[in-house]
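# Coordinate analysis (summary)
For reference, the chains in residue letters:
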Amino acid sequence: MEPYSMKNPYRAKALGVKCVTKPGSAKETVHIDISLEGSGLEYVTGDALGVFPCNDPELVDSLVAALGLRGEDPVQQADGTVCSLREALISTYDITNVKKSTLSKWNAVARSARLDAILEDKDALKDFVKGRDLLDLAKDEEMKATFVDANAFVSILPKLAPRLYSIASSPLAVPGQVSLCVGVVRYQSLGRARGGVCSTYLADRLKAGETVRVFVHSNKGFRLPEDGATPIIMVGPGTGIAPFRAFWQQRTIDHATGPMWLFFGNPYKATDGCYEDELAALVESGALKLSVAWSRDQAYKIYVQHLMDAAGAEIWQWLERGAAVYMCGDANRMAKDVEQILLTIISREGNRTAEEAAAYLADLKAQKRYQKDVY
Ligand SMILES: Cc1cc2nc3c(=O)[nH]c(=O)nc-3n(C[C@H](O)[C@H](O)[C@H](O)COP(=O)(O)OP(=O)(O)OC[C@H]3O[C@@H](n4cnc5c(N)ncnc54)[C@H](O)[C@@H]3O)c2cc1C
Ligand SMILES: NC(=O)c1ccc[n+]([C@@H]2O[C@H](COP(=O)([O-])OP(=O)(O)OC[C@H]3O[C@@H](n4cnc5c(N)ncnc54)[C@H](OP(=O)(O)O)[C@@H]3O)[C@@H](O)[C@H]2O)c1
């Protein structure tokens, strides 16, 4: 049998979904356990899981109705089989993230002067697609399109892409099982509540006992040190905490003696803590040093890099003792700011020029003592 992969995903059984954060959290986060039992799929601490999502059936029904089509209309699939339009739109096609190519194909049918103008102007296009899905187009008198049949409509659509999630468990903690820690994307746009396809699929629609299509995505650049005595510093605000749960599980199972230091951050202490019981037990046992930045609990922002800056002398001592530094989470802002503070600490505490600090960090990277998993 062909091994499971992105091209041949495994239909894994969902074991359960529970909230990690508390009700009212500004960063609603869920924990999902999935069984890989019998799949032959193996993963290493630090790897990610690829998940093929399904669209929200309510959104699909509204779209089909707005297009004047019928959910039961037959659709020819790439493999020659036939399924219903409703089924195809739930499992196979992307109907929410509108790309230029989809819009052009839509407009070949709609022949809208307004869309012509938007498609000509890069900035207008960027603004237009933000927070807009195909239902918005189908309901707009100026832009609606009439497709001859269901096959004509799906022919303009790209396939639903899989999403990656850092695996939040060690393969040795619960063999044959994988855990994810997912931030749920929800927002309002044009007067309608919207959700990220995969995060809401995992949080709201996937029920225990149902199957989800998954594959293992190897992440060779994000690995624990081979020597369990090596100290590790983990920087993971928000869902960046996910792979570090795998790290602390693995290190506990390995009876690793190296100390661990986690910098975590989220908006409010009252609602946004993650894996608090596990962290409290690790701190209690002396295995973990924990620094948490509650960003919105005071009038000014406190982020992980502010705590790192304040603890710069100790971080420098850890680095000089051979510590490895790991960073996970937001690539756009956090990763740049955290890297900058690391350079500041190396320069200030290690008495180095900016160039020497950059060379020190580059050397850490070369030794695999500075690894990032940012998205
Ligand atoms: C290697 C890797 C590891 C990852 N690990 C994790 C992890 O452990 N946990 C985790 O939660 N995520 C993780 N992610 C991110 C994850 O893959 C998805 O990108 C994320 O869950 C969102 O996917 P979605 O399908 O829910 O949203 P999508 O359907 O892809 O929607 C996201 C899009 O919604 C739009 N959008 C969002 N907010 C707004 C708004 N306010 N207004 C208008 N438009 C908006 C934006 O266009 C945005 O690009 C990881 C990513 C990578 C690459
Ligand atoms: N590709 C995608 O579609 C997608 C989807 C979801 C998430 N993501 C990425 O994943 C990241 C993680 O999302 P998340 O919701 O778990 O957490 P997050 O948005 O990173 O927020 C976690 C904590 O980090 C703080 N923070 C904000 N800016 C920061 C900075 N420059 N440096 C350090 N900390 C900072 C936040 O504070 P405040 O909020 O109070 O400012 C919050 O307390 C997102 O920011 C996003 O970039 C991507």
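Residues numbered from 1 in each chain as written. Chains lettered and ligands numbered in written order. Predicted model: local features only at pLDDT ≥ 70, side-chain atom pairs only at ≥ 80, totals over all residues.

On to the site of ligand 2, then. The environment of ligand 2 is made up of 22 residues, and the closest members are Gly238, Thr239, Ser295, Asp330 and Arg333. Put simply, the parts of the chain that give the shell around ligand 2 at least two residues each are strand S12 (260-266), helix H11 (304-310) and helix H13 (334-349). Looking at the shell around ligand 2 residue by residue, the classes come out as 7 nonpolar, 9 polar and 6 charged. Composition of the shell around ligand 2 by domain shows at least three residues from each of domain 1 (10-53 + 164-217) and domain 3 (232-374). (Near = placed C-beta within 6 Å. Helix = DSSP H or I, 4+ residues; strand = E, 2+ residues; numbered from the N terminus. Nonpolar A, V, L, I, M, F, W, Y, C, P; charged D, E, K, R; others polar. Domains from an automatic or database assignment.)

This part covers the pairing of strand S11 (residues 232-235). Residues of S11 alternate between two faces, with Ile232 and Met234 on one and Ile233 and Val235 on the opposite face, all of them buried. Sheet topology places S11 next to S12; 4 bridges connect them, and they run parallel. Residue pairing in the sheet places isoleucine 232 in a bridge with methionine 260 of S12. Regarding topology, helix H9 (residues 242-253) serves as the crossover connection from S11 to the parallel S12, and that connection is right-handed. The pairing of S11 with strand S14 (residues 324-329) spans 4 bridges and is classified as parallel. The partner of methionine 234 across the bridge, within S14, is tyrosine 326. (Buried ≥ 20, exposed ≤ 12 C-beta atoms within 10 Å, placed from the backbone. Pairing = 2+ DSSP bridges. Right-handed = clockwise from strand over helix to strand, strands pointing away.)

With domains assigned, the protein is organised as domain 1 (10-53 + 164-217), domain 2 (57-154) and domain 3 (232-374). Look at where the C-alpha atoms of domain 1 and domain 2 centre, and you get two points 27 Å apart. Contact with domain 1, which involves 4 residues of that partner, is made by 4 residues of domain 2. Among the residues making up the side of domain 1 that touches domain 2, the classes are represented as 2 nonpolar, 1 polar and 1 charged. (Contact = placed C-beta atoms within 7 Å.)

The next point concerns the site of ligand 1. As a matter of local geometry, ligand 1 sits amid 24 residues, with Tyr187, Gly196, Cys198, Ser199 and Tyr375 nearest to it. Counting only elements with at least two residues in the shell around ligand 1, the list comes to strand S6 (163-166), strand S7 (177-183), strand S8 (186-189) and helix H8 (197-205). Here the shell around ligand 1 takes 4 residues from S6, the largest share from any one element. Here the shell around ligand 1 is built from residues that sort into 12 nonpolar, 9 polar and 3 charged.

On to the sheet that holds strand S13 (residues 288-294). Here we have 5 strands laid out as an open sheet, ordered S13-S12-S11-S14-S15, and parallel in their pairing. The open sheet has two edge strands, S13 and strand S15 (370-374), and neither has a second partner. Each neighbouring strand pair of the sheet contributes to a mean axis angle of 10 degrees, computed without reference to strand direction. (Axes fitted to C-alpha atoms, helices over the stretch in contact; angles between N-to-C directions.)

Our focus in this paragraph is unusual backbone geometry. Backbone geometry places histidine 255, a non-glycine residue, at a positive phi of 50 degrees. Taking the C-beta count within 10 Å as the criterion, histidine 255 has 7 such neighbours and is therefore assigned exposed. Phi is positive for tyrosine 275, close to 50 degrees, though the residue is something other than glycine. Considering the arrangement of structural elements, one finds tyrosine 275 in the loop between S12 and helix H10 (276-285). On the neighbour-count criterion, tyrosine 275 (20 C-beta atoms within 10 Å) is buried.

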